[in-house]
Amino acid sequence: REFPSKRSLGALGMIVIGAFGYASTDQAFISQGYSAYFWPFLYLNVITFEMVYGKKIVKSVKFKTLSGPVQYTNLLGVAPMLLFAEMGGEFQNLDYTLQQYGVTSVTGYFQKLPSHVIALVVLGCLVGTGIGYSGWWCRGKVSATSFTLIG
């Protein structure tokens, strides 16, 4: 890969100068030091990995349809989702909610919900699926850096 142009290096330099300028006046940074930025740095590293890995998947693995990478990344997210749900006590909350409604299954719970609530859940699922498909479509069209900026 070729080295960034002088213009790109200048833009990156301006970003670094702006970040240092912001941090030098941020009260959290002044009082807590570098620990104030632990979560933002962690997020930066995770999203950088995710964007580059996503682009590598699009380029190297030949999925037959756009559904392939969408389903692949959704499958990768199941284990962490279940782990965080357990750590956050969501399964206990579900048991408590089922007891409140006097049902023994999630299906019974859905049958007790008003139709407009079910419609909102279905709409949320459709929008989330659309976001997954549009994100992977966009990743196939632009560089990982551009996609990170597009978001």
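Keep in mind it's a predicted model, so treat the numbers as computed, not measured. (Residues numbered from 1 in each chain as written. Predicted model: local features only at pLDDT ≥ 70, side-chain atom pairs only at ≥ 80, totals over all residues. Heavy atoms only, no water.)

1. Examining the overall build of the chain
- Per the secondary structure count, the chain includes eight helices and zero strands.
- Shown N-terminal to C-terminal, the secondary structure of the chain runs as helices and strands in the order α-α-α-α-α-α-α-α.
- Relative to its length of 151 residues, the chain is extended, with a C-alpha radius of gyration of 22 Å against a globular reference of 15 Å.
- Here the C-alpha coordinates of the chain stretch approximately 65 × 50 × 25 Å along the principal axes.
- Out of the 151 residues belonging to the chain, those deemed buried represent 16%.
- Partitioning the intrachain contacts of the chain with sequence separation of at least 6 by distance along the chain shows that 44% fall at a separation of at least 24.
- Total accessible area on the chain stands at roughly 12,000 Å², and carbon and sulfur atoms take up 68% of it.
- The chain carries 11 positive and 6 negative side-chain charges, and their two centres are separated by 21 Å. (Helix = DSSP H or I, 4+ residues; strand = E, 2+ residues; numbered from the N terminus. Rg over C-alpha atoms; globule rule 2.2 N^0.38 Å. Buried < 20%, exposed > 50% of the residue type's maximum accessible area, 1.4 Å probe, protein only. Contact = heavy atoms within 4.5 Å. Areas by Shrake-Rupley, 256 points an atom, 1.4 Å probe, with all protein chains shown as cover. Lys, Arg positive; Asp, Glu negative; His and termini not counted. Charge placed at Lys NZ, Arg CZ, Asp CG, Glu CD.)

2. Details of the packing of aromatic side chains
- A full pass over the atoms with the stated rule returns seven aromatic pairs.
- Taken together, a centroid distance of 6.5 Å and an interplanar angle of 70 degrees make the contact between Tyr37 and Phe41 edge-to-face.
- Pairing Phe49 with Tyr53 gives two aromatic rings, centres 5.5 Å apart and planes at 5 degrees, and the pair type is stacked. With a gap of four residues between them, Phe49 and Tyr53 both fall in helix α3 (residues 38-60), about one helical turn apart. (Phe/Tyr/Trp six-rings, centres within 6.5 Å; stacked < 30°, edge-to-face > 60°.)

3. Focus on the layout of surface pockets
- There is about 1,200 Å³ of room inside the largest pocket.
- Only α1 (6-25), α3 and α8 (144-150) provide two or more residues apiece to the lining of the largest pocket.
- It is α1 that provides the largest number of residues to the lining of the largest pocket, a total of 10 residues.
- Its residues assigned to classes, the lining of the largest pocket shows 22 nonpolar, seven polar and two charged.
- Reported here for the second largest pocket is a volume of approximately 420 Å³.
- Of all elements in the fold, only α3, α4 (67-87) and α7 (115-141) reach the threshold of two or more residues within the lining of the second largest pocket.
- For the lining of the second largest pocket, the element with the highest residue contribution is α7, accounting for six residues.
- For the lining of the second largest pocket, the class distribution of residues is eight nonpolar, seven polar and two charged. (1 Å grid on protein atoms, 1.4 Å probe; cavity = no way out; pocket = protein on both sides within 12 Å on 5 of 7 lines; lining within 4 Å. Points joined across faces, edges and corners; volume = space filled by probe spheres on them. Nonpolar A, V, L, I, M, F, W, Y, C, P; charged D, E, K, R; others polar.)

4. Let's talk about the side chain of Asp26
- Take Asp26: it is sitting in the loop between α1 and α2 (27-32).
- A polar atom in the side chain of Asp26 sits 2.6 Å from the side chain of Tyr37. (Polar contact = N/O pair within 3.5 Å; in protein donor to acceptor, adjacent residues only side chain to side chain.)

5. Points about the packing of α4 against helix α5 (residues 90-101)
- Close contact between α4 and α5 brings their axes to 5 Å; oriented N to C, the two are set at 70 degrees. The orientation of α4 with respect to α5, classified from their angle, is roughly perpendicular. Between α4, through Leu82, Ala85 and Glu86, and α5, the contact on the second element is made entirely by Glu90, Phe91 and Gln92.
- Within the contact of α4 with α5, the residues separate by chemical class into three nonpolar, one polar and two charged. (Axes fitted to C-alpha atoms, helices over the stretch in contact; angles between N-to-C directions. Parallel < 35°, antiparallel > 145°, perpendicular 65-115°, else oblique.)

6. Some points on the packing of α4 against α7
- One way to put it is that α4 packs onto α7 with a least axis distance of 9 Å and a crossing angle of 120 degrees. Like other packed secondary-structure pairs, α4 and α7 cross with a definite hand, here right-handed. The segment α4 lies against α7, with Ser67, Pro69, Val70 and Thr73 engaging Gly132, Tyr133 and Trp136.
- For the contact of α4 with α7, the per-class residue count stands at four nonpolar, three polar and no charged. (Left-handed = near helix turned anticlockwise from the far one by under 90°.)

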